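Here's the letter readout for the chains.
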Amino acid sequence: MSDLYDPRIEQALQSFISDHPGMDTRNQAIAAILVNWFTSHGYLPHDQEGIRPENLDASNDD
């Protein structure tokens, strides 16, 4: 356990890791949680497919 985090946070991280197959490390869990939080609060863009505005032209106009 890290001295940096409250034991409740450490327990929550372990539960998160257990609930997400393929997530093996504490660092992976923290990164996933941060990406989710930053995305849902507008600090990171949502993964979107499409053509960037500067690449639009008549040939790809739908």
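Identification of the chain as CopG family transcriptional regulator from Rhizobium herbae is taken from an unreviewed UniProt entry.

It is worth spelling out the side chain of threonine 39 at this point. Considering the arrangement of structural elements, one finds threonine 39 in helix 2 (residues 26–40). For threonine 39, a relative accessible area of 17% translates into the label buried. Excluding its chain neighbours within four sequence positions, the residues that come into contact with threonine 39 are Leu44, Pro45 and His46.

Turning to the pattern of salt bridges, a few remarks are in order. Per the counting criterion, the structure on display carries 2 salt bridges. For arginine 26, the salt bridge identified is with glutamate 10, shortest N-O distance 2.7 Å. Of this pair, arginine 26 sits in helix 2 while glutamate 10 sits in helix 1 (residues 7–19), and the two are 16 residues apart along the sequence. Look at arginine 26 and you get partly exposed, because its relative accessible area is 26%. Classification of glutamate 10 as buried rests on a relative accessible area of 6%.

What counts and what doesn't
- Residues numbered from 1 in each chain as written.
- Predicted model: local features only at pLDDT ≥ 70, side-chain atom pairs only at ≥ 80, totals over all residues.
- Heavy atoms only, no water.
- Helix = DSSP H or I, 4+ residues; strand = E, 2+ residues; numbered from the N terminus.
- Buried < 20%, exposed > 50% of the residue type's maximum accessible area, 1.4 Å probe, protein only.
- Contact = heavy atoms within 4.5 Å.
- Salt bridge = Lys/Arg side-chain N within 4 Å of Asp/Glu carboxyl O.

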